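# A closer look at the structure
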Amino acid sequence: MMRSIFGRRAGPGRLLLFPALCLALALVGVGAGPARAEPDQLGKWRSQALSAVNADRQKHGREPLELTGPLNEAAQRHAEDMAQRNYYSHTSPEGNDVQDRFIDAGGSRWKLVEENIARCAGCRPPINANRIEKLETGWMNSPHHRENILREGLEGFGYGIVLTADDGLYAVQTFSGPGTSNGGEEAQAAKPLDPAEVPERAAELMSAARKRHDAGPVETDDALIKAARSFLPAPGSDDASLKSIDLADALPAGERGRWRSLSVLSAACGGCGTKPTAADIRSFREQWLGNARYRKQLLDPDVTDIGFALQANGGGRKVAIMLMGTRR
């Protein structure tokens, strides 16, 4: 009796805290190792797999996906590697996962990346359309794999498959996209914030956290807001590094004497959607509160004003920066 095993890998949006400024098939003979299918055959199975995935997504009101080179390469490499080295896991013996494979194939490190895998030890050549359809049905009948297939915030799809005469079939689905705002699909459905709304919303959320810890509220300050924005990377950049600007130089000369002290908090996340939302600000706030150094700065009772800037590059990367000032 044929036995199929399915595996799934899912990863949440990744957040980084910055230091404060201060079945495509290769037919093989007995004893032969796995090999890639001929390009026309591999393309054929990938097209069918994409059609099956998009049909399932359409039934559930999801946007269709498109095949991409990095995802196809990551999927095929993993299918071949599992067959060649006789393991079945989302993680290679060296510890590399789907995100590592995607980046190695030229994908962005800021994308949300997901992976479904399947193993059929009893499968034998040849692969046909029915086998591709059965794999999709198997993944859709498994809650976690189904979640990956129907996930919001995806745009790209990749497919890899290997069949050996000795060890059966390995199939891999890969997915990528900008993801959704931290807080899940409900947060993504919320109205995106206009850039002008971001500082005020941030002040409300920071003040709420400070109140819970017996620190006073904070207000927005136009000079601090402008200074915070000056640190942001280029809007369409894949780099999240802040611009190298001296904090004093970020403020107009006439504003520098107003402040007794200034500090900066910054962070970035990947796979967390395309538009700034209040859920993003809340997520950054909680990350800062979870770090001892940043928590002390955020809850400093002497802080009176903030300037907050939040940038989304449209591809899943978001960068937040908050300047905190104590008036003289």
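Details of the structure are given in the entry above.
A brief look at the structure comes next. (Residues numbered from 1 in each chain as written. Predicted model: local features only at pLDDT ≥ 70, side-chain atom pairs only at ≥ 80, totals over all residues. Heavy atoms only, no water.)

To continue, consider unusual backbone geometry. Not every positive phi belongs to a glycine, and Asn86 is a case in point at roughly 55 degrees. Assignment of secondary structure puts Asn86 in the loop between helix 2 (69–85) and helix 3 (98–104). You can call Asn86 exposed: its relative accessible area is 59%. Even without a glycine there, the phi angle at Asp214 is positive, about 60 degrees. (Helix = DSSP H or I, 4+ residues; strand = E, 2+ residues; numbered from the N terminus. Buried < 20%, exposed > 50% of the residue type's maximum accessible area, 1.4 Å probe, protein only.)

With the rule as written, the count across this model stands at 16 salt bridges. A salt bridge links Glu115 to Arg101, with the shortest nitrogen-to-oxygen separation between them at 2.9 Å. Taken together, the residues Glu115 in strand 4 (residues 112–120) and Arg101 in helix 3 connect sequence positions 14 residues apart. Residues Glu115 and Arg101 agree in their burial class; the two are buried. With a closest N to O distance of 2.9 Å, Asp221 and Arg258 form a salt bridge. Note that Asp221 is positioned in the loop between strand 7 (219–220) and helix 8 (222–230) and Arg258 in the loop between helix 9 (247–250) and strand 8 (259–270), a separation of 37 residues in sequence. Overall, Asp221 belongs to the buried group, its relative accessible area being 8%. If you follow the salt bridges from partner to partner, you end up with Asp81, Arg85 and Glu94 in one network. (Salt bridge = Lys/Arg side-chain N within 4 Å of Asp/Glu carboxyl O.)

So, on to the state of the cysteines. One pass over the structure, following the stated rule, counts two disulfides. At a sulfur-sulfur separation of 2.1 Å, the disulfide partner of Cys120 is Cys123. Its S-S torsion of about 85 degrees marks the bond between Cys120 and Cys123 as right-handed, since a negative value means left-handed. For Cys120, a relative accessible area of 1% gives the class buried. Paired by a disulfide, Cys269 and Cys272 hold their sulfur atoms 1.9 Å apart. (Disulfide = S-S within 2.5 Å.)

With that out of the way, let us pick up helix 8. Taken together, the buried positions of helix 8 are occupied by Ala223, Leu224, Ile225, Ala227 and Ala228. On the buried face of helix 8, the contacting elements are helix 7 (198–212), strand 7, helix 9, strand 8, strand 9 (305–312) and strand 10 (318–327). In this structure Asp221 caps helix 8, since a side-chain oxygen of it lies 3.0 Å from the backbone nitrogen of Ala223. (Contact = heavy atoms within 4.5 Å. Polar contact = N/O pair within 3.5 Å; in protein donor to acceptor, adjacent residues only side chain to side chain.)

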